[in-house]
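Single-letter residue listing:
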Amino acid sequence: MKKTLTLLFLATVLAAGNTTMAQCPAGESQVQINILTDNYGAETTWELTGPSGSPVYGSGGPYGNNQTYTPTACVPNGPVIIFTIYDSYGDGICCGFGQGNYTVTVGGTQVASGGQFASMESTMFLTSPPVALDLAVMSLDLDLVMPQGNQNISGSIRNFGTSPVSSFTLNYSIDNGPAVSQPVTATIAPGANYNYTHGTPWNATVGAHTVKVWASNLNGQADANPLNDELEVGVSVALQSVQRKALMEQFTSSTCPPCASLENTWGPVLNGVNTNQSGSNIAAIKYHLNYPSPGTDPSYNPDAATRNTFYGVSGIPSRYIDGTMFSTSTAAFLNNAAARPAFMGINMNYTASGNSVTVEVTITPYADFTGTHRLFIGVTEDQYSYSGGTTSQSVFKYVMRKMLPNGSGILLSNLTAGVPQTFTQSYTFASGAPAPGNYNLWTNLDNTTAVAFVQNMTTREVVQANISSIGVGIEENELARGLKVFPNPTNDLLNVRFDLPAAGNVHMELTNTLGQRVMNIGESFGSGAQLATFDLSGVVPGMYHLTITHGDLRATRTISVTR
C-alpha cells in the first residue's frame, strides 16, 4: 500500500555550497539516490516528479539482483518534489527475498529511506527554505477524458508555509485564458491540506484543453514561494460517451484455498449479473496461476504469468475492476463500475473454423487519449469441471486459455477521436489434456468467449471492454451459427439453444466417440429461437457428439458429460 507522503523542508540545502550542489545548474539541487536491490531487482523502479506526476525530473530501473545503484538527478529549487519507488510484484525490496533498501539525500540531508513496502512508497520534499506564506495546489480531480458540459474544479491545496492561512483566492483558467476567481475563507494550518471546490464549474467543450489551478492573495498578501503555486493538467473532452462494459480480472488457482472460499460468494454474484452474457455490461477474465504450492493448476500458462507480472500480484485471490484492485463482492459494486461513461467503442467478430478461431476487433476512440495503450484479446473457457485441485472448488468459469497474440497485447497507435483501428488475430487450439504451460481447451470452442479490452499501460486503467460469443466460419450453415449447448461440461441437464429459419421437424442424435448412438430424438419446432432441455443423468461420463438436423441443415457440437 502507498505510504503517507512525508514533507521535509531542507532549509540548509541552498546554503550548503558543497560539491554535490555544484553538479547542477544554478537554481537546482542534486538528488542522490542509493538503492540496494533484493533478489528480484527487475521489479524495482523509481521516479522524481511534481505533485501530479509531471514533470518527471528523473527515473531509473529496473535493475539487477542484489546490486547497489547510486543514480542522481537535478531538481529545481522551490517546487514540490515527490520521490516514488515501485516494486512491480508488490512486496517491496526487503525483507522476504533479500535485504534491499534505499535512501534519498539532498545537499547532505537525508529526505527518504526504507525498503519494506508493498507496490510503492512516496516521500514529498522541498529543496528551498520554508517561508511564512506558501500554498501549493497538490491535486486536480478531473478525469483525463471527460464528457461535455459542466465539470467541477476540485482537488486539494497544501500549506507549505510556517504561518496559518485564513483566507485566499482560488483561481483556475482554461487554455491560459482569463482567470476564474473566487475568495475562500478557511483556516489551513502549516503542513495541512485543504480540499477545495470552485464555485463556478467549467463548461467543458469538445477537444484537448489545459486546466490550470492556483491560489493567490494569501491572508491578503502575495505567496512568498511562487514556484509551487500552480498545478496544470491536460484533459480531453470527448465527442460522445457510450455504455461501458466493466472488466473484472481475477487471479486465482485450483491450489488456492482462499480462492475457493471466495468463489462461494463471488461466483453467484457474477452469475447474477449475467457476466460474459449477451446484453450484460460486465465482462470477466480469470487468470490461473502456478501458486500456491503445489502450483499444479492445469490452466496456468505463460500468458497468465505475463498479466500477473503486469499487475505485480503477490497473493491470490486478487481482483481488479477496470484495472483497479478491489475487495467488494456485491452486484451493486459491479453495476456502479459499468455505470461510468466510456469514451471508446469496441466492436468484435469472433468466429471458428475447425479448431481455429479468428477474432477481429475494431476500436473507435471518441476522444484524444494520451499515453501508451494496448489492446488485449483473451479467449476464455466459459465453464469446466476439474476435481484434481487441492481445494473444494471443482467448477471453474471465465478462465483465460489464450491471449492473442500473447499476454503483452497489441500496441496501439495514437488514439485520436473518431479514428478507428482494426486488428485481427487467429489461433488454433488443441482440445483436451490441459496442463501447466499449455493452452489446450478443457472442452471445445462452443464453450468459449472472446474478451477484448484497451488498457493504459501507465495508469493500468481499462478504457473499455467487450465480449463476443463464438460464431462460425462462412462455410457453416444458418443452423450451426445459432447453435449453443450449455452447461458444457454437464453432469445432468443439457440445454440446447438454436434458431430455425422455418417451422419443421428437428432430429437430434447423441453419439459417443466410437460412433455408437446413445440418444435419438425427433421433435417438431416452430420458426425462430428454440430451447430444448435433455436429461443426461443416465449417460456414462465421457465425450459425445450432438448432431442436429433440420431439413438440409446440419450442425454438430461436442459435449462433455461428467459426474
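Scope of this entry: the structure provided in the associated data block.

**Comments concerning the overall build of the protein chain**
Logical step 1: When helices and strands are counted, the protein chain shows six helices and 41 strands.
Logical step 2: Projecting the C-alpha coordinates of the protein chain onto the three principal axes gives extents of approximately 90 × 55 × 35 Å.
Logical step 3: Evaluated residue by residue, the protein chain yields a buried proportion of 51% over its 563 residues.
Logical step 4: Treating the 22 positive side-chain charges of the protein chain as one cloud and the 35 negative ones as another, the clouds have centres 6 Å apart.

**What to know about the layout of surface pockets**
Logical step 1: When its volume is computed, the second largest pocket comes out at roughly 640 Å³.
Logical step 2: In this structure, the second largest pocket is lined by 24 residues; those nearest its centre are Asn-276, Gln-277, Asp-382, Phe-486 and Arg-497.
Logical step 3: Of all the secondary structure elements, the ones that give two or more residues to the lining of the second largest pocket are strand E29 (373-385), strand E30 (395-404), strand E33 (448-456) and strand E35 (484-486).
Logical step 4: Ranked by the residues each element gives to the lining of the second largest pocket, the list is headed by E35, at three residues.
Logical step 5: The class makeup of the residues in the lining of the second largest pocket is five nonpolar, 13 polar and six charged.

**Considering the pairing of E30**
Logical step 1: Counting buried residues in E30 gives eight out of 10 residues, a clear majority hidden from the surface.
Logical step 2: Pairing of E29 with E30 involves eight bridges; the strand directions are antiparallel. The residue of E30 that forms the bridge with Glu-381 is Val-399.

**A few points about the state of the cysteines**
Logical step 1: Tallied over the entire structure, the rule returns three disulfides.
Logical step 2: Two residues share a disulfide in this structure: Cys-24 and Cys-74, whose sulfurs sit 2.0 Å from each other. Taking the sign of the S-S torsion, -85° for the link of Cys-24 and Cys-74, the bridge is left-handed. Of this pair, Cys-24 sits in the loop between helix H2 (19-22) and strand E2 (28-36) while Cys-74 sits in strand E6 (residues 72-76); the two residues are 50 residues apart in sequence, bridging distant segments of the chain.

**Quick notes on empty space enclosed by the protein**
Logical step 1: Under the counting rule described, the total for this entry stands at one cavity of 30 Å³ or more.
Logical step 2: Every residue lining the largest cavity is listed: Gln-250, Thr-252, Cys-259, Glu-263, Lys-286, His-288, Gln-393, Phe-396, Lys-397 and Val-399.
Logical step 3: Of all the elements in the fold, those that place two or more residues in the lining of the largest cavity are strand E23 (246-252), helix H3 (257-272), strand E24 (282-288) and E30.
Logical step 4: Sorting elements by how many residues they give to the lining of the largest cavity places E30 first, with three residues.
Logical step 5: Classifying every residue of the lining of the largest cavity gives three nonpolar, four polar and three charged.

Rules and cut-offs
- As a convention, each chain's residues are numbered from 1 in the sequence order in which they are written.
- Whole-chain, interface and lining totals are the exception, using all residues; otherwise, since this is a predicted model, local features are given only for residues with pLDDT of at least 70 and side-chain atom pairs are given and counted only at 80 or more.
- Based on all heavy atoms of the structure, the side-chain values leave hydrogens and waters out of the count.
- Only DSSP runs of H or I reaching four residues or more are called helices, and only runs of E reaching two or more are called strands; each is numbered from the N terminus.
- Here's how the labels work: a residue is buried when its accessible area is under 20% of the maximum for its type, exposed when over 50%, partly exposed in between, all with a 1.4 Å probe on protein chains only.
- The charge count includes Lys and Arg as positive and Asp and Glu as negative, but it does not include His or the ends of the chains.
- For charged residues, the charge sits on one atom: NZ in Lys, CZ in Arg, CG in Asp, CD in Glu.
- Note on definitions: the grid is 1 Å and covers protein atoms alone; a cavity is a set of points where a 1.4 Å probe fits but cannot get out; a pocket is an open set with protein on both sides within 12 Å along at least five of seven lines; lining residues have an atom within 4 Å of a point.
- Grid points are joined across faces, edges and corners, and a volume is the space filled by probe spheres set on the points.
- Polar here means any residue other than Ala, Val, Leu, Ile, Met, Phe, Trp, Tyr, Cys and Pro, which are nonpolar, and Asp, Glu, Lys and Arg, which are charged; Gly is therefore polar.
- Paired strands, in this sense, are two strands between which DSSP finds at least two bridges.
- Note on terminology: disulfide denotes any pair of cysteine sulfur atoms within 2.5 Å.

On their own, these measurements won't tell you what the molecule is for.
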